[in-house]
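Architecture at a glance
Each chain, written out:
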Amino acid sequence: MAEKRGVLEVPDFMTVRELSELMGVSPIEVMKQLIANGVMASINQQIDYDTAAIIIEEMGYVPRPLREVEEEKRQAELEAQRPKWRTELYATEEMENLQKRPPVVTILGHVDHGKTSLLDAIRQTRVADAEAGGITQAIGAYQITYNGNKITFIDTPGHEAFTAMRARGAQGADIAILVVAADDGVMPTTREALDHARAAGVPIVVALNKIDKPNANPEYVKQQLSEIGLTPDEWGGDTLVIPVSARTHEGLDNLLEAILLVAEDADIFANPNSKAAGVVLEGRVESGRGAIATLLVQNGTLKQGDVVVAGISYGRIKSMFDDRGNKVKEAEPSMPVSVMGLSEPPSAGERFEVVKNIKEARSIVEERLQASAEAQQGPLAAMSLEDFFKRMADAERKELLLIVKVDVFGSLEPVVRSLEELSSDDVKITILRSDIGNVTESDVNLASASGAIIIGFNTEVDNAAERAAAALGIEIRTYNIIYKLIEDVELALKGMLDPVYEDKQIGTAQVRQVFHISKIGNVAGCYVTSGVVRRNARARVVRQGNVLAEGLQVTSLKRVAEDVREVRAGFECGIALDKFSEFEEGDIIEFTVRERVN
């Protein structure tokens, strides 16, 4: 055995070439060692960690799993970057500093199921009357006191157009109230709201609203709730389903008691004596007042005069107002306040923290701006299935979030079950949404808010969903063979999935005449017979059904002596190809582009 020369960090899978580069030796030496150990592998073949570890030890090095190294780095980075309130929440040696704080409750549900009216009844105010068309247009936060206990409510939009805003609301809460109308039942947006609450990992209480209506059918709605995984506790489940009426105020006390009961088991703590930190619920500009930010304090106590950084916005707090517009000097944990004094309105969902002074705040913002500018210079880091393993190895994620859409209910259960069975100790597969029907824009919005990948089985993708996915960098993978779907996900978990590309024909042109031009050579005078001819496409020359050459680059594309990028069917053009000039009249030139199909 050779003397140990150092520790090498080894991924779960790597090629023979990568292993040789890691040790700084010839690939031939590695292949010889592999053969000596009974393994026949080519230079580009992948080998697993155990095999690589044997070769590394034979070559005098000490192997160490890259996952362990990256996990240690990730934990160190998290500790270095973790806001103070997070450290205090989880540092057992400081448990004596923690105190119970009021629960933060988000209100979610289908449009017109009475979310704002319910909150209005709880607050004994007329919030709903101020909303345009009775539909909530922006996140609002309100705090009430019930039997001596404070509860903070975040009212989030329920209309489909506000999916992204609703996601922010769920992520700022400790408990989610899912409002379902007893006369209408579970609707598509109800399911979307539930998906966001589950993605945020918060406990869910159902408010069964409008029970005062003559056509209310609570038992039928409870059956619907059971079908989406919210089995009422009275039916042996673990979901509190509280019948209420926003109009008559029936059941409101029971709902508030349920919130406090769930909060009691949720370990909702904070240290009111530390520097404040929390989340931005809303940012806006008001005439005569400048930038206004609605902040939810999650730890510490925010005071007038504190210097706050939120994203790339910063400033000293000049004034603070509670949810009723009253001026306040400080805000304790779970209290929402509107503040003045920031340089610009921060984005909803940004974290805010109190820093020492304006100089430190400005320095933090400058670093963030620089990092943002550098990130924008490169391509967008869109989440895709084949690069999931790399992200997992880099400790960015050890959970694969999926949204699954299938054609019929009969396919839904086996697809979901097969995917969930792929979970292991190393990585967990979580199905955020599983439903029948086409992939829609709301699926893409949920994927964007949660970092999920969309899987479709025997279903199509709506045009709006395609546009949204392209704009947001969301991957949608569709299949019509279940074992191929499962195989791809399994390969992705092992880091062995490669993207699949196909050549797509976009147009054809017929050679009508051949010209010879000095410095260029032979140029084909063509008539575009179908589709479109593009300069950045690849060309294939076909003569009497036989392919003469393919994969050719277009070196010149002219239309009436002018260089053009493309020529459509019905027009003539001049075409010159790289490494091919033997054109004859009647030749067909086919143009293709390489597109990713999975």
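Please refer to the structure placed before this passage.
Residues numbered from 1 in each chain as written. Predicted model: local features only at pLDDT ≥ 70, side-chain atom pairs only at ≥ 80, totals over all residues. Heavy atoms only, no water.

Comments concerning the overall build of the protein
Condition: Each helix is a run of H or I in the DSSP string that is no shorter than four residues. Each strand is a run of E no shorter than two, and both are numbered from the N terminus. A simple rule labels every residue: compare its accessible area, found with a 1.4 Å probe on the protein chains alone, to the largest value its type can have, and call it buried under 20%, exposed over 50%, or partly exposed in between. We call two residues in contact whenever any of their non-hydrogen atoms come within 4.5 Å of each other. To measure how exposed things are, a 1.4 Å probe is used in the Shrake-Rupley method; for residues, cover is taken only from the protein chains shown.
The helix and strand inventory of the protein stands at 16 helices and 34 strands. A total of 598 residues make up the protein; the buried ones form 48% of that total. In the protein, the share of contacts with a sequence separation of at least 24, taken over all contacts with a separation of at least 6, comes to 69%. About 29,600 Å² of surface is accessible on the protein, with carbon and sulfur atoms providing 46% of the total.

Structural notes on the side chain of Gln-224
Checked against the element boundaries, Gln-224 lands in helix H9 (residues 218-227). Setting aside residues up to four positions removed in sequence, Gln-224 forms contacts with Gly-185 and Val-186.

Some words on the packing of aromatic side chains
Quick note on the threshold: Whether two aromatic rings pair depends on their centres lying within 6.5 Å, for rings of Phe, Tyr and Trp, where Trp uses its six-membered ring; planes under 30 degrees apart make the pair stacked, over 60 edge-to-face, and the rest tilted. Criterion for a charge above a ring: Lys NZ or Arg CZ within 6 Å of the ring centre, and within 35 degrees of the ring normal.
Considering all chains together, one arrives at one aromatic pair under this definition. An angle of 75° between the planes, with centres 5.3 Å apart, marks the rings of Phe-580 and Phe-583 as edge-to-face. Exposure class is identical for Phe-580 and Phe-583. Each is buried. Between Lys-100 and the ring centre of Phe-269, over which it is positioned, the NZ or CZ distance is 5.2 Å.

Some details on a nonpolar patch on the surface
The following threshold applies: By definition, no residue in a patch forms a salt bridge, and every one has over 30% relative accessible area; like charges are joined within 9 Å, nonpolar side chains (Val, Leu, Ile, Met, Phe, Trp, Tyr) within 5 Å. By definition, a salt bridge exists where a carboxyl oxygen of Asp or Glu is found within 4 Å of a side-chain nitrogen of Lys or Arg.
On the surface, a nonpolar cluster with roughly 290 Å² of combined accessible area is contributed by Ile-481, Ile-482 and Tyr-483. Structurally, the position occupied by Ile-481 is in the loop between strand S26 (476-479) and helix H16 (482-493). With a relative accessible area of 38%, Ile-481 lands in the partly exposed category.

A short note on the sheet that holds strand S9 (residues 175-181)
Convention followed: By the convention used here, strands pair only if DSSP detects at least 2 bridges between them. Fitted lines through C-alpha atoms give the axes, limited to the stretch in contact for helices. The angle between two N-to-C directions lies from 0 to 180 degrees.
Taking strand neighbours across the sheet as the criterion, the six strands line up as S7-S8-S6-S9-S10-S11 in an open arrangement whose pairing is mixed. Two strands bound the open sheet, and with one partner strand each, they are strand S7 (140-146) and strand S11 (240-243). In this sheet, adjacent strand axes meet at a mean angle of 25° when their direction is disregarded. The pairing of strand S10 (residues 204-209) with S11 spans four bridges and is parallel. Across the sheet, Val-206 pairs through a bridge with Val-241, a residue of S11. In the packing of H9 onto the sheet, the strands contacted are S9, S10 and S11, and the crossing angle to S10 comes to about 150°.

Focus on helix H2 (residues 27-36)
In plain terms, the rule: As used in this structure description, the phrase polar contact means that two N or O atoms lie within 3.5 Å; if the pair is within protein, one of them must be able to donate a hydrogen and the other to accept it, and residues adjacent in sequence are counted only when both atoms belong to side chains.
The N-cap of H2, judged by a side-chain oxygen 3.1 Å from the amide nitrogen of Ile-28 a few residues on, is Ser-26. Note on H2: the residue one or two positions beyond its end, Gly-38, has a positive phi of about 80°.

So, the pattern of salt bridges
Counted under the stated rule, the structure contains 21 salt bridges. The salt bridge partner of Arg-247 is Asp-212, with a shortest N-O separation of 2.9 Å. Taken together, the residues Arg-247 in the loop between S11 and helix H10 (252-264) and Asp-212 in the loop between S10 and H9 connect sequence positions 35 residues apart. With a relative accessible area of 66%, Arg-247 lands in the exposed category. What makes Asp-212 partly exposed here is its relative accessible area of 26%. Among the ionic pairs, Glu-550 bridges to Arg-540, the shortest N-O distance being 3.3 Å. Remark: Arg-540 occurs in strand S29 (residues 538-543) and Glu-550 occurs in strand S30 (residues 546-559); sequence separation between them is 10 residues.

Structural notes on the pairing of strand S17 (residues 313-316)
Here is the key point about a regular strand: its side chains alternate between the two faces of the sheet. Two elements, strand S16 (residues 307-310) and S17, share four bridges in a ladder whose sense is antiparallel. By the bridge assignment for S17, Val-308 is matched with Gly-315. Linking two consecutive strands that pair antiparallel, namely S16 and S17, is a turn of two residues; a positive phi of about 65° is found at Gly-311 within it.

What about the side chain of Asn-299?
Within the fold, Asn-299 resides in strand S14 (residues 290-299). Using a relative accessible area of 0% as the deciding quantity, one classes Asn-299 as buried. Within the structure, the side chain of Asn-299 is placed 2.7 Å from the backbone nitrogen of Asn-271, a separation counted as a polar contact.

Points about the state of the cysteines
For the record, the criterion: We call a pair of cysteine sulfur atoms a disulfide when they lie within 2.5 Å.
Under the defined criterion, the tally for this structure stands at zero disulfides. No disulfide involves Cys-526; its nearest neighbouring cysteine sulfur is the one of Cys-573, lying 5.4 Å away. Taking relative accessible area as the criterion, Cys-526 reaches 2% and is therefore assigned buried.

A few points about the nonpolar core
Here is the rule: Among the buried residues, those of types Ala, Val, Leu, Ile, Met, Phe, Trp, Tyr and Cys that are joined through side-chain atoms within 4.5 Å form a nonpolar core.
Counting 29 residues, the largest nonpolar core has Leu-118, Phe-153, Ile-177, Val-205, Leu-255 and Ile-259 as its most contacted members. At the level of elements, strand S6 (104-109), helix H6 (115-123), S7, strand S8 (149-155), S9, S10, S11 and H10 are the ones that each hand at least two residues to this core. Among the elements that make up this core, the one with the highest residue count is H10 (eight residues). Of all hydrophobic cores here, the second largest spans 24 residues; its members include Val-511, Ala-539, Leu-557 and Leu-577.

Thoughts on the environment of Asp-407
Structurally, the position occupied by Asp-407 is in the loop between strand S23 (399-406) and helix H13 (409-420). The spacing of Asp-407 and Asn-480 is 73 residues in sequence and 10.0 Å in space, taken between C-alpha atoms. Not counting the four nearest positions on each side in its chain, Asp-407 is found in contact with Ile-436, Phe-457, Asn-458 and Thr-459.

Some remarks on the environment of Tyr-527
Inspection of the secondary structure puts Tyr-527 in strand S28 (residues 521-534). Exposure remark for Tyr-527: the relative accessible area of 26% places this residue in the partly exposed category. Residues Tyr-527 and Arg-512, spaced 15 residues apart in sequence, show a C-alpha to C-alpha distance of 6.8 Å. Setting aside anything within four residues of it in sequence, one finds Tyr-527 in contact with Thr-508, Ala-509, Gln-510, Arg-512, Gly-570, Phe-571 and Glu-572.

Here we look at H6
Counting buried positions over the nine residues of H6 gives eight, a clear majority of the element. Every buried residue of H6 is listed here: Lys-115, Thr-116, Leu-118, Leu-119, Asp-120, Ala-121, Ile-122 and Arg-123. On its buried face, H6 is in contact with S6, S7, S8, S9, S10 and H10. Gln-124 occupies a position one or two residues after H6 and carries a positive phi of about 60°.

Things to note about the sheet that holds S26
The parallel open sheet is built from four strands, whose spatial order is S24-S23-S25-S26. With partners counted over all chains shown, the strands left at the sheet margins are strand S24 (428-436) and S26, one partner each. Adjacent strand axes in the sheet meet at a mean angle of 25° when their direction is disregarded. In the sheet, S23 pairs with S24 via eight bridges, with the strands oriented parallel. Bridged to Leu-401 within S24 is Thr-430. H13 contacts S23, S24 and strand S25 (453-457) of the sheet and is inclined by roughly 175° relative to S24.

Don't take any of this as a statement about function, it's just geometry.
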